[in-house]
Amino acid sequence: MSEVRIDFTPVSLKGAPVSVSNYFQELDQLILSCIVTDADGAPMSLDQGCAEALIMFDEVKASGRKIMLVGNGGSAAIASHEALDFWNAGAIKATAFNDSAQLTCLSNDYGYDLVYSKAVEMFADPGDLLIAISSSGKSVNILNAVSAARAKNCSVITYSGFAQENPLRAGGDLNFYLQSTSYGHVEVGHLALIHYLTDMVKMNARGILG
């Protein structure tokens, strides 16, 4: 898969000051330039990728299955936020495995690399969907969660950034990748992209989309 590398690292991170308008223009350009690929690495447009994700959500809802979301740090906050939107606003069963007691227990017993895969092994059912979020795409515990989801016959959607060849980007049925090395831009971009989808799910649940 041949791609053109575009540097979306904010100007401020290159040593020069950046205006508010430039910062958000860069963020807007980054999100709209999101690269979406399927399980075989074949590219698709952002519109097509989002449409495919919405089909996957509909299938989960229709079958009574659930969505699981995992991430670390800012990505964990995204996971918690969007899990709530899926079930509260979209009427789809969803959960994020971010409870502090759970994380510390599993870290202590198995190591942090397995905190999410152990949860997926316990709670995932065939036909569930895992949304795996990692700015770097290299977090071992997120990659392990993807492997655990695959072992339970779950579908996977990934969100990553930083290096084009990051391993998470090759792990999903759908993969959303942002070309930036800025944590802030990647995290906000991931949140915006997933929030668009939960907003569409919410509108569909309310009959707004017909």
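Predicted model, so just to flag it, every value in this text is computed and none were measured.

Q: I'd like a description of the environment of Leu-103, backed by residues and values.
A: Its location among the elements puts Leu-103 in helix H4 (residues 100-110). Given a relative accessible area of 18%, Leu-103 falls into the buried group. Taking the C-alpha atoms as reference points, Leu-103 and Ala-151, 48 residues apart in sequence, are found 22 Å from one another. Ignoring any residue separated from it by four or fewer positions in sequence, one finds Leu-103 in contact with Phe-97, Asn-98, Val-115 and Tyr-116.

Q: Can you lay out the sheet that holds strand S3 (residues 66-70) for me, pointing to particular residues and giving the numbers?
A: Taken together, the seven strands give an open sheet; going across it, the order is S2-S1-S7-S6-S5-S3-S4, and neighbouring strands pair in mixed fashion. Looking at the sheet topology across the chains shown, the edges are occupied by strand S2 (43-44) and strand S4 (93-96). By the bridge criterion, six bridges tie strand S5 (residues 129-134) to strand S6 (residues 155-160) in an arrangement that is parallel. Of the residues in S6, the one forming a bridge with Ile-133 is Tyr-159. Relative to S4, helix H3 (residues 74-89) is tilted by about 160°, and along the sheet it contacts S3, S4 and S5. With respect to the sheet, helix H7 (residues 183-205) is in contact with S5, S6 and strand S7 (174-177), its orientation differing from that of S6 by roughly 140°.

Q: Talk me through helix H5 (residues 115-123); I want residue IDs and the actual numbers.
A: Every buried residue of H5 is accounted for by Val-115, Tyr-116, Ser-117, Ala-119 and Val-120. Among the structural elements, S3, H3, H4, S5 and helix H6 (140-151) are those in contact with the buried residues of H5.

Q: Would you mind going over the environment of Leu-174 in detail, with residue names and values included?
A: Structurally, the position occupied by Leu-174 is in strand S7. Judged by relative accessible area, Leu-174 falls into the buried class, the value being 3%. C-alpha of Leu-174 to C-alpha of Glu-52: the two residues are 122 residues apart in sequence and 8.0 Å apart in space. Not counting the four nearest positions on each side in its chain, Leu-174 is found in contact with Val-36, Thr-37, Met-44, Gly-49, Glu-52, Ala-53, Met-56, Val-156, Ile-157 and Thr-158.

Q: Describe H3, listing the residues and the values that go with them.
A: Because an α-helix packs 3.6 residues into every turn, residues spaced three or four apart end up facing the same way. Taking 1.5 Å per residue, 16 residues should reach 22 Å; H3 reaches 22 Å between its end C-alpha atoms and fits that length. For H3, the set of buried residues is Ser-75, Ala-76, Ile-78, Ala-79, Glu-82, Ala-83, Asp-85 and Phe-86. Residues of H3 that are buried in the fold lie against helix H2 (46-62), S3, S4, H5, S5 and H7. Just past H3, the residue Ala-91 takes up positive phi, approximately 60°.

Q: Before we move on, could you go through the nonpolar core and cite the residues and values that matter?
A: What tends to happen in soluble globular proteins is that the nonpolar side chains get buried as a cluster. The biggest cluster of nonpolar side chains holds 32 residues, and the ones touching the most others in it are Phe-57, Ile-67, Phe-86, Ile-131, Ile-157, Tyr-159 and Phe-176. Taken together, the elements giving at least two residues each to this core come down to helix H1 (20-32), H2, S3, H3, S5, S6, S7 and H7. At six residues, H2 tops the list of elements feeding residues into this core. Beyond its immediate chain neighbours, meaning those up to four positions away, Phe-57 contacts Ile-67, Phe-86, Ile-92, Leu-129, Ile-131, Ile-157, Leu-197 and Val-201. Counting residues in each nonpolar core, the second largest holds 21 residues, with Val-70, Leu-106, Ala-119 and Leu-168 among its members.

Reading the values: the criteria
- Residues numbered from 1 in each chain as written.
- Predicted model: local features only at pLDDT ≥ 70, side-chain atom pairs only at ≥ 80, totals over all residues.
- Heavy atoms only, no water.
- Helix = DSSP H or I, 4+ residues; strand = E, 2+ residues; numbered from the N terminus.
- Buried < 20%, exposed > 50% of the residue type's maximum accessible area, 1.4 Å probe, protein only.
- Contact = heavy atoms within 4.5 Å.
- Pairing = 2+ DSSP bridges.
- Axes fitted to C-alpha atoms, helices over the stretch in contact; angles between N-to-C directions.
- Expected span 1.5 Å × (residues − 1).
- Core = buried A, V, L, I, M, F, W, Y, C linked by side-chain atoms within 4.5 Å.

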